[in-house]
Amino acid sequence: MINDLFLKACLRQPTPRTPVWMMRQAGRYLAEYRAIRAKTDFLMLCKTPELAAEVTIQPVDIVAVDAAIIFSDILVVPEAMGMELIVEEGKGGPRFSSPVRTSSEIAKLSVPDPNDKLKYVMDALSLVRKQLNGRVPLIGFSGSPWTLAAYMVEGRGSKNFRYIKEMIYNDSHLAHKLLEKLAQSVAAYLSAQIEAGAQAVQIFDTWGGILTPDAFQEFSLQYIRQVVSELKTNGAPVIIFCKDCSHSLEKIAATGCQVVGLDWTVDIGDARTLVGDTVALQGNMDPTILYAKPEQIREEVRAILSKYGKGPGHIFNLGHGILPDIPVEHAKEFVQAVKEESVAFH
Ligand code: 1CP
């Protein structure tokens, strides 16, 4: 491995500088990604290992991040469980043709064999590992059971999450049935990703923050904990990113993961005081700061580095995914600024 800073930082081992990558780093802000997408629809891109590998490596070549994350989407898991996933150009994001809301609809969902139904992800992972040839580590990922359930019950992204909320409050037993199936599916999926070559895995709980702290425990964190405990990690670090959940940082850190991802609504210094002895921290610059001019981006990077303070255990990232209209030069400046400014903190 030529650059293993990311893996070392996940394990809170000393590094000469802070490693950096960006959530959603393969995507529309890159002209090279848009060029491939102009010729290939989104799901075809996810399901063609050669193309998925190419866009996975683009940000490593272009923006010089310290880790690659496999190009795929969280919604391929519900598809593998038996739902029809539709991604139409310019029509407001991916959706499922028939949301699952009843006991019989949920009973019909399968716990898929990832090496069968999601083999294209495993093939892409092995291919990326081969093509990266040790340049940077490769991250696999999945949605959390809760976040996947939210999309499956709503049918698509939502503002109020009316249907999944109704389900947890009216028929929590049914919600738990769905979440249990999802926890088994996600654990098997991430274990297979590690076997196929992922050197770390991240669980995205994008919608954990729509729950009250109590409901977050019951419907999200409980199942994330189950996934972590069932995972066959083979030593690969596990990163948990629950957006808008800083009310539960200590509980997230106690799931057995190695890294907690932070959104930008929490001070990373405070988070380190709370949980930094037990886990590494990943984050947490507001992604919209990348709209600002390069000097300002560097200033914000320095501020976060100094809030974290000296020593290992920090992986620099944005507090959520990079936005599609960010100038690529600003993304490059962000990565370069972390690399240069962080040396003083190690
Ligand atoms: O080309 C395009 O226009 C499609 C846009 C796109 C991309 C680039 C989607 C549709 N998914 C992706 C890739 C993707 N999705 C990655 C790639 C790896 C990377 O470079 O990081 C990852 C990690 C995801 C994960 C994902 N998909 C999440 C969790 C992370 C997050 O951003 O919160 C979620 C919530 C999704 C669902 C999804 N997929 C795509 C969209 C537009 C959405 C959001 C749907 C909605 O909420 O309405």
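Residues numbered from 1 in each chain as written. Predicted model: local features only at pLDDT ≥ 70, side-chain atom pairs only at ≥ 80, totals over all residues. Heavy atoms only, no water.

Draft legend 1. The environment of isoleucine 106, seen in detail. Mapped onto the fold, isoleucine 106 is located in helix α6 (residues 103-107). Residue isoleucine 106 is classed as buried on the basis of its relative accessible area of 2%. Separated by 105 residues in sequence, isoleucine 106 and leucine 211 place their C-alpha atoms 22 Å apart. Leave out the neighbours within four places in its chain, and isoleucine 106 touches Val100, Met167, Leu174, Leu178 and Lys181. (Helix = DSSP H or I, 4+ residues; strand = E, 2+ residues; numbered from the N terminus. Buried < 20%, exposed > 50% of the residue type's maximum accessible area, 1.4 Å probe, protein only. Contact = heavy atoms within 4.5 Å.)

Draft legend 2. How the structure looks around the nonpolar core. By size, the foremost hydrophobic cluster in this structure holds 133 residues, and its most contacted members are Phe6, Met152, Met285 and Phe334. The dominant element in this core, judged by the number of residues it contributes, is helix α11 (residues 172-196), at 13 residues. Excluding anything up to four places from it in sequence, methionine 152 contacts Pro78, Met81, Met83, Phe96, Pro99, Val100, Leu109, Leu178 and Leu182. (Core = buried A, V, L, I, M, F, W, Y, C linked by side-chain atoms within 4.5 Å.)

Draft legend 3. Spotlight on the sheet that holds strand β8 (residues 280-285). Strand order in the open sheet made by the seven strands is β1-β4-β5-β6-β7-β8-β9, with parallel pairing throughout. Looking at strand neighbours, the two that pair on one side only are β1 (68-69) and β9 (314-318), the edges of this open sheet. Pairing between β8 and β9: five bridges, direction parallel. Note that in β9 the partner of glutamine 282 across the bridge is isoleucine 315. In the packing of helix α12 (residues 213-230) onto the sheet, the strands contacted are β5 (200-205) and β6 (238-242), and the crossing angle to β5 comes to about 165°. (Pairing = 2+ DSSP bridges. Axes fitted to C-alpha atoms, helices over the stretch in contact; angles between N-to-C directions.)

Draft legend 4. Examining the layout of surface pockets more closely. When its volume is computed, the largest pocket comes out at roughly 1200 Å³. Looking at the lining of the largest pocket residue by residue, the class counts come to 19 nonpolar, ten polar and eight charged. (1 Å grid on protein atoms, 1.4 Å probe; cavity = no way out; pocket = protein on both sides within 12 Å on 5 of 7 lines; lining within 4 Å. Points joined across faces, edges and corners; volume = space filled by probe spheres on them. Nonpolar A, V, L, I, M, F, W, Y, C, P; charged D, E, K, R; others polar.)

Draft legend 5. A look at the packing of helix α8 (residues 119-132) against α11. One way to put it is that α8 packs onto α11 with a least axis distance of 8 Å and a crossing angle of 30°. Here α8 is positioned roughly parallel relative to α11, judged by the angle of their axes. The way α8 lies across α11 gives a crossing that is right-handed. On α11, the residues that touch Val121, Met122, Leu125 and Ser126 of α8 are Tyr189, Ala192, Gln193 and Ala196. Residues that form the contact of α8 with α11 fall into these classes: six nonpolar, two polar and no charged. (Parallel < 35°, antiparallel > 145°, perpendicular 65-115°, else oblique. Left-handed = near helix turned anticlockwise from the far one by under 90°.)

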